[in-house]
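Chains, contacts and geometry: an overview
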Amino acid sequence: MPPMTRRDFLAAGGALVVSFSLFPVTSGAQETDKPRLPGSLEGTPLLDSWIRIDADGGVTVFTGKVEFGQGIKTALIQVAAEELMVQPRRIRLITADTARTPDEGYTAGSQSMQHSATAILNAAAQVRAIVVGLAAQRFATSAESLTVQDGTIRAPDGRSVSYGELVKGQDLHVPAAPQSPLRDPSKRTVMGTPMQRVDIPAKIVGAPAYVHDLRLPGMVHARVVRPPSYGALLRSFDSAKVSALPGVLKIARDGNHLAVIAEREYQALAAARALAAVTRWMERPALPVQADIDGHIQRLPAQTTVIADGTGAPAGAGPGVIEARYLRPYQMHGSIGPSCAVALYKDDALTIWTHSQGVYPLQRAVSEMLRLPAERVRCIHMEGAGCYGHNGADDAGADAALLAMTYPGRPVRVQWMREDEHAWEPYGPAMISNARARMDTKGNVTEWQYEVWSNTHNARPGPAGNLAPAWHLQKPFERPAPQPAPQPAGGGDRNAIPLYKFGNVRVLHHFIPEMPLRVSALRALGAYMNIFSIEGFVDELAGAAQADPVDFRLRYLEDPRARDVITTAAERFGWKNYQRRRNCGKGFAFARYKNLASYTAIACEIELDRDNGRVRMLRAVAAIDSGEAVNPDGIRNQIEGGILQSLSWTLYEAVSFDTTRITSRDWSTYPILRFQNLPDHIEVHVINRPGQPFLGTGETAQGPTAAAVANALADASGTRLRELPLSQRRVKAALPP
Amino acid sequence: MITLQVNGKAHAIDAEPSTPLLYVLRDHLQLNGAKFGCGLGQCGACTVMLDGRAVFSCLVPISALPDRPIKTVEGLGTLDNPGPLQRAFIEEQAAQCGYCIPGMMMRAQALLERNPSPSITEIKAHLQPHLCRCGTHMRIVRAIQRAAREMKNAPAAGTGGTTRR
């Protein structure tokens, strides 16, 4: 890292010592007009909650966010290294742990950069200013005359001192200031440069990397014998034979929650299978008919909110009126590693090692479920397999907690089986949308109306009633009444308002509280469906206006950053000069995630096999602007992954069920993308905006990918499909014979 | 007692003969590389090498395995001295959550030992039994191509772990 010059200091504000002296040790009085602190500093303002410097110069950074393969650890280390002016390898990062780190809620919504990186960026700048101020005092010189290189501060006369020596006996237990002496964004040395992910080496050599790999002394293994359907009641089981199996330590039953604990993992699995074989459940057909799920959902009581209150478009077939209806099935997170947790109840305290996205909410939920004070429940995050939202992680934590209470003194490891994850994870909700617009004779969209029907997209713990194991207890917990997430971020109505400057835009959100299948947050929430719908419909309007889909979009967009990603993706794809090959087509889509976060445009080409209806993406070109880019390769990896995951959702995926049970119970009954259906090429262009706020990346590709694929399929086939997934069977049926 | 040859070492295992290899690797030998994914041979996360071929360790009972060479991702190298395939995955940053990766690497290693210059089509066909949910597929294919190139440049490196560059 190059030394920091006096010029850098001045560019960064030049008031480092002053800002240090302004830190109040206590901040009692001025509660009223206190300016907001940046990012998660607002909720956790003390600097030493985020950054500690050891006497040996090592730096420890704390975050309440968690790693699940999105690369957040690496990006946070880069941010801290940049503003602290130390090499990234000096930094040790501690992630979410209720005993050690700030409470930053869930790691969700593509918000870790906005929340945690913003807090760490500012905290690091303020800590550096404090330390440089201490050096200036020690050397009896001005802060501006000092240079910093990798945690060592040098005076012009050659004297030097390390951060570690300076902070000895000093107090960083001070609240952050609203303003930070941030470095000049044009002088970045670590942020904006690709850095290899810090978590990858352990994962590829088989070092312990996941909660699944945690082996505590004396640890025992458990399996839950889960009900075969949501409301199934445990009638009877025969414990005698199972108790006698090798290694079995305990059969634990609490109401409909049945589990077996054994010394060895495979003994637990064998015993659970034996137990399942001698367990009788009472089930009833309580699920709707899958083929009618859209009709069923639309018939349920709805709370309707008008989220954009223009006059809308007229019903019925008037001149220039176009209308279309879109459907999305229930879809799975489908983590490759079924959920897992370890819990230990010892000395009146419970510790849970979990891959939950929110250790503090899980702490509250488990505390409520066990009627144990929250201060006696500690949740420590360890990685799991990628989750992409609210999967079985919290439930596995609850299973482990329940079993640890019945088997105190030894750590209990609970591993979900494949069918537990498939059948019990909360799905991304089935959704219905309806779009209607009127165009004048010049091809201008003069009226626009869009409606979306959806369950909640957030049934996460916090409340114990959102833990599936808590439903099964002798004293069960009721599911809390779901609430719609407010605009502008929204839930089912996320991205339901078009960014395009159409006339008379009216948008209705029909929130359906009753949940026929268990649902919660799946990557991008309602944005996946709303962008699929809106961007597909915009293509239909462009077609009716005989306009190029990219030109048509640009006609209605003023935001220069939106226009930038669109033109970049179109140019790099070769949109204008596209040479159509037989049975191929191109498609385009754009969205600004949540209408307030990052901008993503995707152009893709697909190939259609008319004989069997099979669709394959040939290539995709994406452009993304997520504000200041910290780890550009991390952003590319997330967008590539988002494109492929959304491609899988869009072409193949729908949870199947009969009127009693979920029937998608493994990968043969819920197929996803495999290698032979890969595109040939994916290219991601990151538009970096140094100095601009972080906008997040993780969920932004989901919606645009779906729409781009559907638009390309319409282009290739001449037939538009509006029901997800765009399965081989459905495509084949839609093609002219 | 059943004796298993894992990563070049013999281990006497006290477990039911019907126990699938996966559980012995993870629970008895405390190896993390092979992962539980489905228990059905549908996802590939548990893949290891047996007699030089890729197998689903969740399906193979240990009774079938005495004295046959088993290799897991731990046998390809270490944190301090990663093998060529591991280096290629790091260079290409070919992981997100990484849970599926060791299984993929073992099938790729088996492929490269038989076919040092696989085409992209061959790599994809070979990896067809494996699932990745993060969507890292493109990088995984690139990492295997890179490893193939590097193994050809330094042929002795094919065994992994013990070689240095």
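Note that the structure is a prediction, hence the values are computed from the model and not measured.

Describing the domain arrangement of chain B
When the parts come together, some accessible area is lost, and that loss is often what is quoted as the size of the interface. Residues and elements named next belong to chain B. For chain B, the assigned domains read domain 1 (2–73) and domain 2 (76–157). Look at where the C-alpha atoms of domain 1 and domain 2 centre, and you get two points 20 Å apart. With 15 residues of domain 1 in contact, the opposing surface of domain 2 contributes 15 residues. Those elements that place two or more of their residues in the side of domain 1 that touches domain 2 are strand S3 (47–50) and strand S4 (53–56). Take the side of domain 1 that touches domain 2: its biggest share by element is three residues, from S3. Within the side of domain 1 that touches domain 2, the residues separate by chemical class into eight nonpolar, five polar and two charged.

Considering the confidence of the model for chain B
All names here are of chain B. Per-residue confidence for chain B gives a mean pLDDT of 94; residues scoring 70 or more make up 93%. Below pLDDT 50 for its whole length, residues 157–165 participates in 22 contacts with residues either more than four positions away or in separate chains. Here the predicted complex carries an ipTM of 0.95, next to a pTM of 0.95.

Focus on the packing of helix H10 (residues 359–370) of chain A against helix H11 (residues 393–406) of chain A
All names here are of chain A. Direction vectors running N to C along H10 and H11 enclose 40 degrees, while the axes themselves pass 11 Å from each other. One way to sum up the angle between H10 and H11 is to call them oblique. Two packed elements cross with a definite hand, and for H10 against H11 that hand is right-handed. The segment H10 lies against H11, with Leu362, Ala365, Val366, Met369 and Leu370 engaging Asp394, Gly397, Ala398, Ala401 and Met405. In the contact of H10 with H11, the residues fall into eight nonpolar, one polar and one charged.

Describing the domain arrangement of chain A
Residues and elements named next belong to chain A. Domain annotation of chain A identifies domain 1 (6–191), domain 2 (211–283 + 333–424) and domain 3 (293–331 + 427–457 + 492–734). Taking only C-alpha atoms into account, the centre of domain 1 sits 40 Å from that of domain 2. Taken together, the contact pairs 14 residues of domain 1 with 14 residues of domain 2. Here the side of domain 1 that touches domain 2 is built from residues that sort into six nonpolar, five polar and three charged.

Comments concerning unusual backbone geometry
All names here are of chain A. The omega torsion of the bond from Gln487 to Pro488 falls at 10 degrees, within 30 degrees of zero and hence cis. Of note, the bond from Leu724 into Pro725 is cis; its omega dihedral lies within 30 degrees of zero at -5 degrees. For Pro725, the position within the fold is in the loop between helix H18 (702–717) and helix H19 (728–734). Within the chain, Ala140 stands out as a residue other than glycine whose phi angle is a positive 50 degrees. Among the structural elements, Ala140 can be located in the loop between helix H4 (112–139) and strand S4 (147–149). Judged by the 7 C-beta atoms lying within 10 Å of it, Ala140 is exposed.

Some words on H18 of chain A
Residues and elements named next belong to chain A. Over its 16 residues, H18 extends 23 Å from the first C-alpha to the last, a length consistent with the 22 Å expected when each residue adds 1.5 Å. Burial analysis of H18 places 16 of its 16 residues in the buried class, which makes it a mostly covered element. Downstream of H18 by a residue or two, Gly718 has a phi angle that is positive, lying close to 75 degrees.

Thoughts on the interface of chain A and chain B
Contact with chain A, which involves 48 residues of that partner, is made by 49 residues of chain B. Looking at the side of chain A that touches chain B, the elements that each hand over two or more residues are helix H6 (200–205), helix H8 (265–277) and helix H17 (632–652) of chain A. For the side of chain A that touches chain B, the element with the highest residue contribution is H17 of chain A, accounting for eight residues. Among the residues forming the side of chain A that touches chain B, the class breakdown is 21 nonpolar, 16 polar and 11 charged.

Structural notes on the environment of Ser520 of chain A
Residue and element names in this part refer to chain A. For Ser520, the position within the fold is in the loop between strand S20 (505–511) and helix H14 (527–544). Once the C-alpha coordinates of Ser520 and Met431 are considered, the two residues, 89 residues apart in sequence, prove to be 13 Å apart. Apart from residues no more than four positions distant in its own chain, Ser520 is found in contact with His390, Pro426, His457, Asn458, Ala459 and Arg460.

Overview of the sheet that holds S4 of chain A
Residue and element names in this part refer to chain A. Read from one edge of the open sheet, three strands run S4-S5-S6, paired in antiparallel fashion. Each end of this open sheet is capped by a strand with a single partner; those strands are S4 and strand S6 (160–162). Strand after strand, the sheet turns through a mean of 25 degrees between neighbouring axes, direction not considered. Both S4 and strand S5 (residues 152–154) contribute to a ladder of three bridges, which runs antiparallel. Following the sheet pairing, Val148 is matched in S5 by Ile153.

Digging into the pairing of strand S10 (residues 257–262) of chain A
Residues and elements named next belong to chain A. The buried fraction of S10 amounts to six of the six residues, a majority that puts the element mostly inside the structure. Burial along S10 is two-sided: His257, Ala259 and Ile261 and Leu258, Val260 and Ala262, pointing in opposite directions, are all buried. As defined by bridge partners, strand S7 (residues 220–225) adjoins S10 across five bridges and the pair is classed as antiparallel. In the strand pairing of S10, Arg223 is matched with Val260. Bridging between strand S9 (residues 248–254) and S10 involves six bridges; their strand directions are antiparallel. By the bridge assignment, Ile251 is partnered in S10 with Val260. Hairpin geometry of S9 and S10 is characterised by an intervening segment of two residues between the two adjacent antiparallel strands and by a positive phi of about 65 degrees at Gly255.

A look at H4 of chain A
All names here are of chain A. The first and last C-alpha atoms of H4 sit 39 Å apart over 28 residues, in line with the 40 Å expected at 1.5 Å per residue. Within H4, 24 of the 28 residues are buried, leaving the element largely enclosed by the surrounding structure. Backbone geometry just after H4 places Ala140 at a positive phi near 50 degrees.

Some thoughts on the confidence of the model for chain A
In the predicted model, chain A carries a mean pLDDT of 94, and 96% of its residues have values of at least 70. Under a pLDDT of 50 for its full length, residues 1–30 of chain A has, in the predicted model, 53 contacts with residues more than four places off or in other chains.

A look at the packing of helix H2 (residues 84–91) of chain B against helix H5 (residues 137–153) of chain B
Helix-helix packing is described using two parameters, namely the angle between the two axes and the distance between the axes. All names here are of chain B. Here H2 crosses H5 at 135 degrees, and the two axes come no closer than 8 Å. On the basis of the axis angle, H2 is oblique to H5. The two elements H2 and H5 cross, and the hand of that crossing is right-handed. Where H2 approaches H5, its residues Pro84, Leu85, Ala88, Phe89 and Glu91 are matched on the opposing element by Ala143, Arg146, Ala147, Glu150 and Met151. Here the contact of H2 with H5 is composed, by residue class, of seven nonpolar, no polar and three charged.

Examining the sheet that holds strand S2 (residues 59–62) of chain A
All names here are of chain A. Taken in spatial order, the three strands make up an open sheet running S1-S2-S3, and their pairing is mixed. Every other strand in the sheet has two partners, leaving strand S1 (51–53) and strand S3 (91–94) as the edge strands with one partner each. This sheet shows a mean twist of 20 degrees between the axes of neighbouring strands, independent of strand direction. Two strands pair when backbone bridges link them, and S2 and S3 are joined in this way by four bridges, in the parallel orientation. Considered in S3, the bridge of Val59 is made with Ile91.

The rules we used
Residues numbered from 1 in each chain as written. Chains lettered and ligands numbered in written order. Predicted model: local features only at pLDDT ≥ 70, side-chain atom pairs only at ≥ 80, totals over all residues. Domains from an automatic or database assignment. Contact = placed C-beta atoms within 7 Å. Helix = DSSP H or I, 4+ residues; strand = E, 2+ residues; numbered from the N terminus. Nonpolar A, V, L, I, M, F, W, Y, C, P; charged D, E, K, R; others polar. pLDDT = per-residue confidence, 0-100. Axes fitted to C-alpha atoms, helices over the stretch in contact; angles between N-to-C directions. Parallel < 35°, antiparallel > 145°, perpendicular 65-115°, else oblique. Left-handed = near helix turned anticlockwise from the far one by under 90°. Buried ≥ 20, exposed ≤ 12 C-beta atoms within 10 Å, placed from the backbone. Expected span 1.5 Å × (residues − 1). Pairing = 2+ DSSP bridges.

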